[in-house]
Protein chains: 2
Amino acid sequence: MSESGPKFRREPAEQRKEALILSTLSLIAEKGVRGATVRAIASRADVTQGLIRHHFSSKEDLITAAYEHHMSHMTDLTAAPGAASHHSCKSRLAAFVTNGLKPPVVDPRSVSLWAGFLNKIREDPRMQAIHEQTYHDFRDRLEALIADALTEAEIDTPSSQLRGLAIACNAVIDGLWMEGGALPGAFETGELPEIGLRSVGAIIGLDLEETENRS
Amino acid sequence: MSESGPKFRREPAEQRKEALILSTLSLIAEKGVRGATVRAIASRADVTQGLIRHHFSSKEDLITAAYEHHMSHMTDLTAAPGAASHHSCKSRLAAFVTNGLKPPVVDPRSVSLWAGFLNKIREDPRMQAIHEQTYHDFRDRLEALIADALTEAEIDTPSSQLRGLAIACNAVIDGLWMEGGALPGAFETGELPEIGLRSVGAIIGLDLEETENRS
DNA sequence: TTGGTATTTATACAAGTGTATAATTATACT
DNA sequence: AGTATAATTATACACTTGTATAAATACCAA
């Protein structure tokens, strides 16, 4: 009975912070924002609740950090995979579209996570800033890909039109992503990427589907 | 001091229920789901909190009813205005698209209202059923309008393709609606309807913009 | 080995939450 | 006018929430 190791481990602040952030995200995704209480978060990270206040000045601080973490993760997940492995601009654009419309990006947890945060965006200016920046970051990447693909196909497009195309394509992707996550089971496997490719292709005036199955 | 009228008014159940639902909706839209407490709802409806439990078996019941109310309202708002005043099928489709991309449908309150509910959809089967039905109802109307417009233009389209077109157009509208509501000020007046018309037109292969300014 | 210190736990608290129950009171009907 | 009844209020309760503060403890440096 007298045998007992250390009762807890001291970890570097950065590491603990990330663990708490990940706990927060998984909890919001799983049980909704309402389920992400300080006690639940601490429990999932295997610490006691007091620690949260030590690393974050308030719960709102933690939520904000978690939101930022999640959003940049999502964008990376859509943009990154195999960015260099595609030869043509067109196939890079196609990959961007399909990446955003397949798991793990399309996922019920992801959508409800996003929705959970949306409420706080209106109230908290910091949240609003993150939201705005994430949206524009994503859309700008998309716009660049579209511009490249059109240039490659020798289609001349004024930049004023380009903005509208990017907004529209972004909307298709967002809309399909949302519906796929909110209604799992309502779409066949591969249906969303297919529809996404065809729609984006129709909007910008290129056939994206022919370039798909290219690894 | 001895002078005092009736301390409260008895109203028909149906009327009180709706008043409570409207209070709930305005409160969620304004302060988020977290702000919609039984006390706040009752206060906004000028009643005491006990009355909520008299008309609804639980708060969840009220939330569910409010969700149902809101969703059917949104669909009506998009579909209804001037349904008969349009001559061609194409202009009816165009009106459907633009209606959903203008105020009052596009509105920060509306979007955060929708997002607030989304969390509860995953947990509550009744919510899920309402969500599913609302989505399909909206999409079916859209699909019918698309089918009519294509028939009118003498473009033959198999029903298997029609489904994909409706999903895609629905996604564009949803995505634009979401972005317009989540980022008020990021888009010029009339920009969303314009982009919506052009995109839906491109997807189904019809020029919807020429038919617009028709009252 | 011995402090020193930031990390971590332990405990407490005030405010707000949804719910339950009994006491009032308006109103329709006889 | 009187009464039954459903609507409405009033009050209370048990529980959860975020936050605050003090005590304990692991780990680094000397």
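In what follows, the structure referred to is the one given above.
Every chain's residues receive numbers from 1 upward, in the order its sequence appears when written. Numbering of ligands from 1 and lettering of chains from A proceed in the order in which they are written. Only residues with pLDDT of at least 70 are given local features in this predicted model, and only at 80 or more are side-chain atom pairs given and counted; all residues enter the totals for whole chains, interfaces and linings. Note that the side-chain values use all heavy atoms of the structure and ignore hydrogens as well as water.

(A) Representation of the protein's contact with DNA strand D. Distances are taken per atom, and a residue is near a molecule or strand as soon as one of its heavy atoms is within 4 Å of it. Around DNA strand D there are 25 residues in total, and Arg10(A), Thr37(A), Arg53(A), Lys59(A) and Arg16(B) lie nearest to it. For DNA strand D, the fraction of protein-proximal atoms (within 4 Å) that sit in sugar or phosphate groups is 65%. Contact between DNA strand D and Lys7(A): a phosphate oxygen at 2.7 Å from a main-chain N or O atom of the residue. For the purposes of these results, a polar contact is taken to be a pair of N or O atoms within 3.5 Å, where, inside protein, one atom must be able to donate a hydrogen and its partner to accept one; residues adjacent in sequence count only when each atom of the pair is a side-chain atom. One nitrogen or oxygen atom from the side chain of His55(B) is found 3.1 Å from a phosphate oxygen belonging to DNA strand D. A run of H or I in DSSP counts as a helix once it spans at least four residues, and a run of E counts as a strand once it spans at least two, with each numbered from the N terminus. For the surface near DNA strand D, the secondary structure elements donating two or more residues are helix H2 (38-44) of chain A together with helix H3 (50-55) of chain B. Throughout, the ten residues Ala, Val, Leu, Ile, Met, Phe, Trp, Tyr, Cys and Pro are labelled nonpolar, Asp, Glu, Lys and Arg are labelled charged, and all others, Gly among them, are labelled polar. The residue inventory of the surface near DNA strand D, partitioned by class, reads 6 nonpolar, 8 polar and 11 charged.

(B) Broad picture of the protein's contact with DNA strand C. Close to DNA strand C lie 24 residues; Arg16(A), Arg10(B), Thr37(B), Arg53(B) and Lys59(B) are nearest. Within 4 Å of the protein, the contacting atoms of DNA strand C are 66% sugar and phosphate, with bases supplying the remainder. A distance of 2.9 Å separates a base oxygen of DNA strand C from a polar side-chain atom of Arg39(B). Where the surface near DNA strand C is concerned, the elements lending two or more residues are helix H3 (50-55) of chain A together with helix H2 (38-44) of chain B. The biggest single contributor to the surface near DNA strand C is H3(A), with 4 residues. Among the residues making up the surface near DNA strand C, the classes are represented as 6 nonpolar, 8 polar and 10 charged.

(C) Spatial organisation of the packing of helix H7 (residues 125-152) of chain A against helix H8 (residues 159-182) of chain A. Residue and element names in this part refer to chain A. Viewed as axis vectors pointing N to C, H7 and H8 meet at an angle of 115°, and their least axial separation amounts to 9 Å. For H7 against H8, the interelement crossing comes out right-handed. Between H7 and H8, the residues in contact are Tyr-135, Phe-138, Arg-139, Leu-142, Glu-143, Ile-146, Ala-147 and Leu-150 and Leu-162, Arg-163, Leu-165, Ala-166, Ile-167, Cys-169, Asn-170 and Ile-173, respectively. Grouping the amino acids of the contact of H7 with H8 by side-chain chemistry returns 12 nonpolar, 1 polar and 3 charged. Axes here refer to lines fitted to C-alpha atoms; in helices the fit is confined to the stretch in contact. Angles between the N-to-C directions go from 0 to 180 degrees. By definition, turning the near helix anticlockwise from the far helix through less than a right angle yields a left-handed crossing, and turning it clockwise yields a right-handed one. In this analysis, two residues are considered to be in contact whenever any of their non-hydrogen atoms come within 4.5 Å of each other.

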